[in-house]
Protein chains: 4
Amino acid sequence: MAKHKKEDFEDFGLGEKSYSKGYRSLNKDGSFNIEKTNISFLERLNFFHSLVTMKWSHFFGIVALTYFLVNTFFATIYSLIGIEHLTGIHGLTPFEQFMEAFFFSAQTITTLGYGQVAPLGLLANIVAATESLLGLLFFALATGLFYGRFSKPISKIKFSQKAIIAPYQDINGFMFRLVNPQKNELLDVEINVSVSMKRKNSELRDFHILDLERDNVRFFPSMWTVVHPIDKNSPLYELNKEDYFEKDFEFIAMLKAFDESSGQMVYSRSSYKPEEIEWGQKFVYAAKRHNGKLLVDVGRINESKKAELN
Amino acid sequence: MAKHKKEDFEDFGLGEKSYSKGYRSLNKDGSFNIEKTNISFLERLNFFHSLVTMKWSHFFGIVALTYFLVNTFFATIYSLIGIEHLTGIHGLTPFEQFMEAFFFSAQTITTLGYGQVAPLGLLANIVAATESLLGLLFFALATGLFYGRFSKPISKIKFSQKAIIAPYQDINGFMFRLVNPQKNELLDVEINVSVSMKRKNSELRDFHILDLERDNVRFFPSMWTVVHPIDKNSPLYELNKEDYFEKDFEFIAMLKAFDESSGQMVYSRSSYKPEEIEWGQKFVYAAKRHNGKLLVDVGRINESKKAELN
Amino acid sequence: MAKHKKEDFEDFGLGEKSYSKGYRSLNKDGSFNIEKTNISFLERLNFFHSLVTMKWSHFFGIVALTYFLVNTFFATIYSLIGIEHLTGIHGLTPFEQFMEAFFFSAQTITTLGYGQVAPLGLLANIVAATESLLGLLFFALATGLFYGRFSKPISKIKFSQKAIIAPYQDINGFMFRLVNPQKNELLDVEINVSVSMKRKNSELRDFHILDLERDNVRFFPSMWTVVHPIDKNSPLYELNKEDYFEKDFEFIAMLKAFDESSGQMVYSRSSYKPEEIEWGQKFVYAAKRHNGKLLVDVGRINESKKAELN
Amino acid sequence: MAKHKKEDFEDFGLGEKSYSKGYRSLNKDGSFNIEKTNISFLERLNFFHSLVTMKWSHFFGIVALTYFLVNTFFATIYSLIGIEHLTGIHGLTPFEQFMEAFFFSAQTITTLGYGQVAPLGLLANIVAATESLLGLLFFALATGLFYGRFSKPISKIKFSQKAIIAPYQDINGFMFRLVNPQKNELLDVEINVSVSMKRKNSELRDFHILDLERDNVRFFPSMWTVVHPIDKNSPLYELNKEDYFEKDFEFIAMLKAFDESSGQMVYSRSSYKPEEIEWGQKFVYAAKRHNGKLLVDVGRINESKKAELN
């Protein structure tokens, strides 16, 4: 079986050759600090991904621009065929006529089809029939992307700002907390925590998966404290606060869950650097009973109190 | 490996600090008895989830209201531009004219486009061309949500009202029954049963996963009796009925399966409290052969008869 | 861990109480021989499943019928409001007028909107505006279901008609063959074979999962012979042909795979009864090299030749 | 458990009976070198798969052709009913009239519905009402397929052109590299490497799964060197370059990952033959730090340097 506890990761991106203190491979919001270069245009091309992930303002901008350009294009075609091949044009100047052709194109491409202006003769009709077909396909895309973007499950899982080293049973544990502030149920939640650290007298880094008290929960209605017991098998065993800074630790948490409302898997990730870890603390219980329900106080996710380490 | 048999769950929501008898974290219908507070507006926001999960009456109400408001908005715009910029308006009073603009807007936004009323001049045409584009996107959403809601797999798996303690081989077992009353095939069904109980002389609760005779079936055409053998490894070993009440047991069953017709995973869950457990019973076999088929009598899921415990 | 090798299945539907020879719980085409009765109407209701799984002829019938009935309904409403509230009606008799209202309704509900006939006055316009909204939602459903049905991955995996008992290494094996005759790639194929047999002097049946030489393949481009080695751990060990008939064996094979073109999981299943098992045979290799490609002869899936058992 | 390390694969397609040097079952681009023959028409039929996987040019060709043929068909029907049953026809010759009926059909089937030309009388209206219904269903298909094709996740994962035999810790390893040149995140990436080799003095081949240093990564932001350590358990142990050619090795790598933007699983595969393996090389680290980010140089995926084997 794959021995993945302790390897040389000189090229993985997480155990990369050298980085100075303060560098991190994963930002706290889950984005990676990695950029890819020297990629051919065709390799890079992925319209779907871009259209689904770009900002809403960009998306609407592209839709509006395409709508405008396509209508301009077809208005030009109708003008070239000859404006007299469209009935119901009232405009006298070329500009007015072009605009009416433009709006006729918009009415065709959206299948609105008022009919005030309509095509006359073989050529104009062929163009209009083609334009309505293309319009249907183009709008299938635009509306599909719109719905795809709207229905994309956005995981808003909150990780606690800080992780803590807390007493755990008769030893200590590395812990952080999670909460799902939203109404949608997250089921079959799995988490995986690793740590990358500089190796002694080397630029290379080691990368370890950390054993957790519990690495999955069937359902996640409340808060979850993720715990890595620092027992003698732990790579953190007998290391102190200075060691974490010395070895430039980076703890990376990766979570995946099934989002019941969208029927899709959601992924979430975050990272903790030594300056984001507090020693000798314990998370404060952030829920209370009220009227037969358990009230989980999401805003108190970071609340902790002093606790003496083992 | 994660040791998750027996932990302190002071903040999980299932082993929460204190609850009086009668409290349960999971209701029998699968809903959680947990509420989240102190959430920022942006964290809470999830239009998609709300629109997909709200009642049908609310959904249609929102669609109808939005339709009405958008048309009112555009009717106002057309009125401001000047009603004379719409051909075919017959109304004489401002109200009549506004209504005709309203219906023109409805015809535009749905791409119906009768053409009896049509835009005239640059401004009205721009507004109409914009409205048809927005209409297509809005209706992509409404129709996508409608289809998404309609096609959402609803698991109607029935859990038996009561669980039983029954003789099982030479020991006893904690059992309940499941049936899928619908025609859709449920495949790769997995179930997971846990029990949470009050700890002696403490407000904290323990949470145990229970070993099952079988925790998954490839297909689920009939009834399934889920059995937890109460052997010496069981947290229920040598406990009697009074202990279940004393320790305020809550058995939580979580099920997931693949729904063949929708091609999605479905989840179902239920819970059993001590007053919902019958001792010294055995489920009655609820199927019989008839005309070469096996007839499963779904209504008899709860039927049991007296049986002497081991 | 769940001990599921050998259980009492008196109510699972596969090891049901009594069935005479010739009965089978799973037909060779994958359908179950099980019917559920005594289900409340609401429990049974699942429009989506019915609409997606019914025959194509039934589906088109329902769509056409609904289209007809809805238009009749709205034609009636327009007639009640008064035909004079629709412009462009030419018909003289009530029947002709009703038909024109009917076609006007069809043009509205499909958002076709010729405009030859158009609504006049507040009431007719309100009804038409409502009808176009409802039409959009209804057609979202009809077209969504149509596409959903069309894109549903249909697994056409062929199981060999007969299973064989063949020599395998130095023992014997229970084997059958599979082929995917289609162009779509099936990936991550998993199979699971079980056997149910009558217990001695009892009406109850035992149900065993059979160990396989290989229970999954990453990809399935060719033919796959599924092998259960009949070693000393096998429930088939030292049983002969008469035993299979005596104990009324039923072998059930359940397969699942990922269909690359539809991006969904597909499931397939079949069953083998004693009369469908041939002893002392070996499958004939049904592929040959030709022009640098491997040609797999799908039609020869069942071909076998005599082979002496160990 | 299934013993799948070393089997006879005389019919799997990967260990097939005989192939001369140079033959491979999997091409480097992931396509299989296998063809299926002797398939009944019904078994082969899978419209959806064909429509989703065909080239874009073929797809648009089919859509355009169907559009043309359907309109021709309905134009014929309208002509047979009698052109006088369509208002607004200006054409004098039968050809002109047929063309106007053709364009009327196109306006109906796309629900454009200008209304310049409109049906008159019962028969023409029935045909038009039917045509608009069929049009909606047909376009549901065309637009659904269009969006389905567009949103299909295309894995553009690059495998290194060559694999290498490199020093690995104190032994040697079989290695190749992977990079994802695109912006979309690939998560839960799993890889599986096998080798098929000719057996001594036989036409049959053996097929082995190779143990990997790491067979999965949670996330794949950078480059990944996949390593099979050639230890004493490896089927490659103590074999040299000539052995690989002698036994006509084929290494097959199968990868699957979850594509975050499309919410679907993606699969990728490639193959390495002996002439594509370089001995005594080591991959050059292809990333560097720049402005607080890690820059991964995708174009250098194949870069390696000489390294002395253990």
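Nothing here was measured: the structure is a model prediction, and the numbers come from that model.

(A) View of the overall build of chain A. Of regular secondary structure, chain A possesses 6 helices and 18 strands. Per-residue burial over chain A gives 59% buried out of 310 residues. In chain A, the share of contacts with a sequence separation of at least 24, taken over all contacts with a separation of at least 6, comes to 67%. A total accessible area of about 13000 Å² is found for chain A, and carbon and sulfur atoms account for 57% of it.

(B) How the structure looks around the interface of chain C and chain B. Every contact between the two is made by 74 residues of chain C and, on the other side, 61 residues of chain B. Around 6200 Å² of area is buried between chain C and chain B when both sides are counted, 61% of it from carbon and sulfur atoms. Run the count over chain C and chain B and you get 1 salt bridge. We note a salt bridge from Asp188(B) to Lys256(C), for which the minimum N-O separation is 2.3 Å. Our count for the contact surface shared by chain C and chain B stands at 6 residue pairs in polar contact (both at pLDDT 80 or more). Taken together, the residues of the side of chain C that touches chain B break down into 38 nonpolar, 22 polar and 14 charged. Of the strand pairs in this sheet, strand β17 (residues 293-297) of chain B and strand β2 (residues 34-37) of chain C are connected by 4 bridges, and their pairing is parallel. Its bridge partner lying in β2(C), Val296(B) is registered against Lys36(C).

(C) The arrangement of the environment of Pro94(C) in detail. Residues and elements named next belong to chain C. Residue placement: Pro-94 occurs in helix α4 (residues 94-109). Owing to a relative accessible area of 66%, Pro-94 belongs among the exposed residues under this scheme. Along the sequence, Pro-94 and Ser-79 sit 15 residues apart, while their C-alpha atoms lie 8.8 Å from each other.

(D) Main features of the pairing of strand β17 (residues 293-297) of chain D. Residues and elements named next belong to chain D. With 4 of its 5 residues buried, β17 lies for the most part within the structure. Pairing analysis gives 4 bridges linking strand β16 (residues 287-290) to β17, with the strands arranged antiparallel. Within β17, the position partnered with Lys-288 by the bridge is Leu-295.

(E) Spatial organisation of the interface of chain A and chain D. At the junction of the two partners, chain A supplies 74 residues and chain D supplies 61 residues. Here chain A meets chain D over a buried area of about 6200 Å², counting both sides, of which 60% is carbon and sulfur. Counting every contact that joins chain A to chain D gives 1 salt bridge. In terms of residue class, the side of chain A that touches chain D is made up of 38 nonpolar, 22 polar and 14 charged.

(F) Local environment of the relation of the copies chain A and chain D. Between the two copies, chain A and chain D, the superposition gives an RMSD of 0.1 Å; the rotation angle is 90° and the shift along the axis is 0.0 Å. The superposition operator between the copies reduces to a four-fold rotation axis. Of the interface residues in chain A, just 7% have counterparts in chain D that sit at the interface too, so the contact is made through distinct surfaces.

(G) View of the packing of aromatic side chains. Residue and element names in this part refer to chain A. All told, the structure shown has 84 aromatic pairs over all chains when counted by the stated rule. Ring centres of Tyr-244 and Phe-249 lie 4.5 Å apart, and the angle between their planes is 20°; this geometry places the pair in the stacked category. The burial state of Tyr-244 is the same as that of Phe-249; both residues are buried. Joined through ring pairs, the aromatic side chains of Phe-159, Phe-174, Phe-176, Tyr-244, Phe-249, Phe-251, Tyr-272 and Trp-279 make up one cluster. Across the ring face of Trp-56, the terminal group of Arg-149 is positioned such that the distance to the ring centre comes to 4.2 Å.

(H) Molecular detail of the relation of the copies chain C and chain B. Its rotation angle being 90°, the transformation that places chain C on chain B also includes 0.1 Å of axial translation and leaves an RMSD of 0.1 Å. When you check the interface residues of chain C against chain B, a mere 7% turn up at the interface there too, and the two sides of the contact use different surfaces.

(I) Examining unusual backbone geometry more closely. Positive phi, close to 50°, is recorded for Gln169(B), a residue that is not glycine. If you trace the backbone, Gln169(B) turns up in the loop between β6 (163-168) and β7 (171-179). Even without being glycine, Glu238(D) reaches a positive phi, approximately 65°. The residue Glu238(D) is located in the loop between β11 (223-229) and α6 (241-246) in this model. A relative accessible area of 68% means that Glu238(D) is categorised as exposed.

(J) Expanded view of a nonpolar patch on the surface. Residues and elements named next belong to chain A. A cluster of nonpolar side chains, contributed by Leu-65, Phe-68 and Leu-69, occupies part of the molecular surface with about 320 Å² of accessible area. Within the element layout of this structure, Leu-65 appears in helix α3 (residues 56-81). With a relative accessible area of 52%, Leu-65 lands in the exposed category.

(K) Looking closely at the UniProt feature "transmembrane region" (unreviewed entry) in chain A. Residue and element names in this part refer to chain A. On the UniProt side, "transmembrane region" (unreviewed entry) is annotated at positions that read residues 59-81 and 122-148 here. Helix makes up 100% of residues 59-81 and strand 0%, whereas the separation of the span's terminal C-alpha atoms amounts to 33 Å. In the segment residues 122-148, helix accounts for 100% and strand for 0%; the C-alpha atoms at its two ends are 39 Å apart.

(L) Region of interest: the side chain of Ser160(A). Of note, Ser160(A) is situated in the loop between β5 (158-159) and β6 (163-168). In contact with Ser160(A), other than residues within four places in its own chain, are Phe176(A), Arg177(A), Tyr272(A), Phe283(A), Ile301(A) and Asn302(A).

Reading guide: rules and limits
Residues numbered from 1 in each chain as written. Chains lettered and ligands numbered in written order. Predicted model: local features only at pLDDT ≥ 70, side-chain atom pairs only at ≥ 80, totals over all residues. Heavy atoms only, no water. Helix = DSSP H or I, 4+ residues; strand = E, 2+ residues; numbered from the N terminus. Buried < 20%, exposed > 50% of the residue type's maximum accessible area, 1.4 Å probe, protein only. Contact = heavy atoms within 4.5 Å. Areas by Shrake-Rupley, 256 points an atom, 1.4 Å probe, with all protein chains shown as cover. Buried area = accessible area lost by both parts, 1.4 Å probe. Salt bridge = Lys/Arg side-chain N within 4 Å of Asp/Glu carboxyl O. Polar contact = N/O pair within 3.5 Å; in protein donor to acceptor, adjacent residues only side chain to side chain. Nonpolar A, V, L, I, M, F, W, Y, C, P; charged D, E, K, R; others polar. Pairing = 2+ DSSP bridges. Least-squares fit on C-alpha atoms with pLDDT ≥ 70 in both. Phe/Tyr/Trp six-rings, centres within 6.5 Å; stacked < 30°, edge-to-face > 60°. Lys NZ or Arg CZ within 6 Å of the ring centre and 35° of its normal. Patch = residues over 30% accessible without salt bridge, like charges linked within 9 Å, V, L, I, M, F, W, Y side chains within 5 Å. UniProt positions renumbered as here; feature names shortened; annotations may be inferred.

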